[in-house]
Structures are given as C-alpha cells and as structure tokens.
Amino acid sequence: KPAEVITNLTDGAPRVAIVFDGLPDRPLCARLLDVLARHDASAVFFVEGENAAEQPETIKLIQEAGQEIGNYTYVGMAGLEKASLDKQLSELCRTQKVVSTLSAFSPELFRAPKMVLNDTLLQSVQAAGLSYAVKENVRFKPNTLHNDTDADAYAASIVNGSIVAIQVNRLVEPKATTPGKTDERPAFDMKPTIHDNNVNVVPDAKEDLADEVDRLLTALSKRGIQVIFVNQFRKIHYVPAQGGTTNGN
C-alpha cells in the first residue's frame, strides 16, 4: 500500500504551510525557531538522518519548540525514486531510527530533494513507517527577500493554500561517471552535513535565512494569512498522470 500525499488546499482559505528542507546548524535553527514562535507559526523541519545524528541538540531544540520533524532521507538524497528498493528503504529507515532514538518519536512525514512521486517510492515510504509524502507547490529561494518590499511582493504571489518549501542545505546529487574510474563512491553516499562547504552550504548567501523568514511571515500576516502545520492540509491517494510520475520540487 503506498503512502498518501499531502498537497495544497483548494478551499481558498487564507492559510499556508512552511517546510524546511534540510537540518540547519544549531545557531540558525535557534533563530528560525524564535522567528516561528514570535509569529505563532508552525513548520516542519525535514532532516537528514546523518545530520541529525551529528546534531542531537538541534533535534531537541526543534522538538522542545513544538515544531515537527520530518524524514529527508539519510543524506538528503536526490533522485531517490531511481534508487534500488534496498537503497530507498535504507535511506528512509536509517533516518527513522536516528530521529526516534534522539526524540522518542518517529516521523510520519517524508520529503526528498527533487523527489518524483511514483507508486514504488510511495510504497517504500509506507514500508519505512511513514504515512505521508509532502508535495510543495511553492519553492522559496534563499537570498531573495532583502527588505520588506521584497517580502510583500513575494507574499502577494503566494496562492492561498500553498505549501512553501524553504531549502536550508544544498541537495546531494549523483555525479557523472568518469571513464576509467570504477572505485569512486556515488554522490548519494556523501555526507550531507552543512559543515561541508563544498556540498551543502548555499554559496554567496548574503541574507540571514532567519531574517528572510521573519520578513516573509510578517508579510503573510499583513495579508491575514495563517501559517499552519502541513499535516492539516489535504491528504490524497496519489495517482501519477497517465501512469507517469510527477516532479515534487
């Protein structure tokens, strides 16, 4: 049985959801949690299992703040639907084990970088103990909201009922095969830690992400839009169009 998919609302009510893709380092996470608390806003932090294992105090911060934690695979792996069934389950189950060990609860929400939803992947998600895959319809690009005017314009472009995904870490994608080399580890085995400047830190970021989120939430509030948990959104049995797949990012 495949997991269900959480998708955008269609009732026109002034509500949106925010999800963070990737576990922030502790200082940034603390600032983001403070911003969410000031605005009485809810969010889901989709975390990589490996980063979570290295930052147990950050997982504790999120849980103590009353925000939700989701499964972002073990290394923030892009193209998960192309991986073998064993690899899919390994990425998902290892993350479930890490988070449940650190927080005494198991995530029920799943996302992955550039995820493409199909029955096989959704069946793996359910088999790993996750009930839902979250499919956003708005992707926020960091270093975009430099001032309140930018934030107001961006908020005005967001349709009511949207799920807004904010990328914290850069995704890990497979590298092209180099002829003559057979012993290289594939990129999806690379550590996703945000301390790796060559892999996961967004380059040339001039704006603090917490400040940008603060501006965005302020702009949404001025428009009377409430930010709620994504698990309050529509849950559907997902059927890819014409038997194909649909890009979730």
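Further up the page is the structure itself.
Just so you know, these numbers come straight off a predicted model, no measurement behind them. (Residues numbered from 1 in each chain as written. Predicted model: local features only at pLDDT ≥ 70, side-chain atom pairs only at ≥ 80, totals over all residues. Heavy atoms only, no water.)

A. Structural context of helix α3 (residues 56-64). When α3 is considered as a whole, its buried residues turn out to be Thr58, Ile59, Leu61 and Ile62. Projection of α3 onto a plane perpendicular to its axis shows the buried side chains occupying an angular sector of 155°, all on one side. Among the structural elements, α1 (26-38), β3 (43-47), α2 (49-54), β4 (68-71) and α4 (85-103) are those in contact with the buried residues of α3. Trailing α3 by a residue or two, glycine 66 shows a phi angle of about 80°, which is positive. (Buried < 20%, exposed > 50% of the residue type's maximum accessible area, 1.4 Å probe, protein only. Helix = DSSP H or I, 4+ residues; strand = E, 2+ residues; numbered from the N terminus. Arc of directions from axis to C-beta. Contact = heavy atoms within 4.5 Å.)

B. Fine view of the pattern of salt bridges. Tallied over the full model, the rule gives eleven salt bridges. Residues joined by salt bridges that share partners form a network here, namely Asp21, Arg111, Glu136 and Arg139. (Salt bridge = Lys/Arg side-chain N within 4 Å of Asp/Glu carboxyl O.)

C. A look at the nonpolar core. Core analysis: the biggest nonpolar cluster contains 59 residues, and Phe20, Phe45, Phe110, Leu217 and Leu220 have the highest contact counts within it. Considering each element in turn, this core owes the most residues, seven residues, to helix α7 (residues 209-222). Each residue touching phenylalanine 20, except ones within four places of it in the same chain, is listed here: Leu32, Leu36, Ala43, Val44, Phe45, Phe46, Ile166, Val168 and Val213. Listed in part, the 16 residues of the second largest apolar core include Ile6, Val44, Ile163 and Phe229. (Core = buried A, V, L, I, M, F, W, Y, C linked by side-chain atoms within 4.5 Å.)

D. View of the packing of helix α6 (residues 148-157) against α7. In contact at an axis separation of 8 Å, α6 and α7 are set at 55° when each is read in the N-to-C sense. Considering their axes alone, α6 and α7 lie oblique with respect to each other. The two elements α6 and α7 meet at a crossing, and its hand is right-handed. Within the contact between the two elements, α6 uses Asp148, Ala151, Asp152, Tyr154 and Ala155 and α7 uses Arg215, Leu216, Ala219, Leu220 and Lys222. Classifying every residue of the contact of α6 with α7 gives six nonpolar, no polar and four charged. (Axes fitted to C-alpha atoms, helices over the stretch in contact; angles between N-to-C directions. Parallel < 35°, antiparallel > 145°, perpendicular 65-115°, else oblique. Left-handed = near helix turned anticlockwise from the far one by under 90°. Nonpolar A, V, L, I, M, F, W, Y, C, P; charged D, E, K, R; others polar.)

E. Region of the structure containing the environment of lysine 1. Mapping lysine 1 onto the fold places it in the segment before β1 (4-7). Distance from lysine 1 to leucine 122, taken between C-alpha atoms, is 8.1 Å for residues 121 residues apart in sequence. Once residues lying within four places of it in the same chain are set aside, the contact partners of lysine 1 are Gln123 and Gln126.

F. Looking closely at the pairing of strand β2 (residues 15-21). Within β2, six of the seven residues are buried, leaving the element largely enclosed by the surrounding structure. Looking at chain direction, β2 and strand β10 (residues 226-227) are connected through two bridges and run parallel. Paired with arginine 15 across the two strands is glutamine 226, which belongs to β10. Here five bridges tie β2 to strand β9 (residues 163-167), and the two strands are oriented parallel to one another. In the sheet register, valine 19 faces β9, and the bridge partner there is alanine 165. Relative to β3, β2 runs parallel, the two being bridged by four bridges. Counted as the bridge partner of aspartate 21 is phenylalanine 46 from β3. A crossover links β2 with its parallel partner β3, the connecting element being α1, and its sense is right-handed. (Pairing = 2+ DSSP bridges. Right-handed = clockwise from strand over helix to strand, strands pointing away.)

All quantities given are derived from atomic positions and should not be read as evidence of function.
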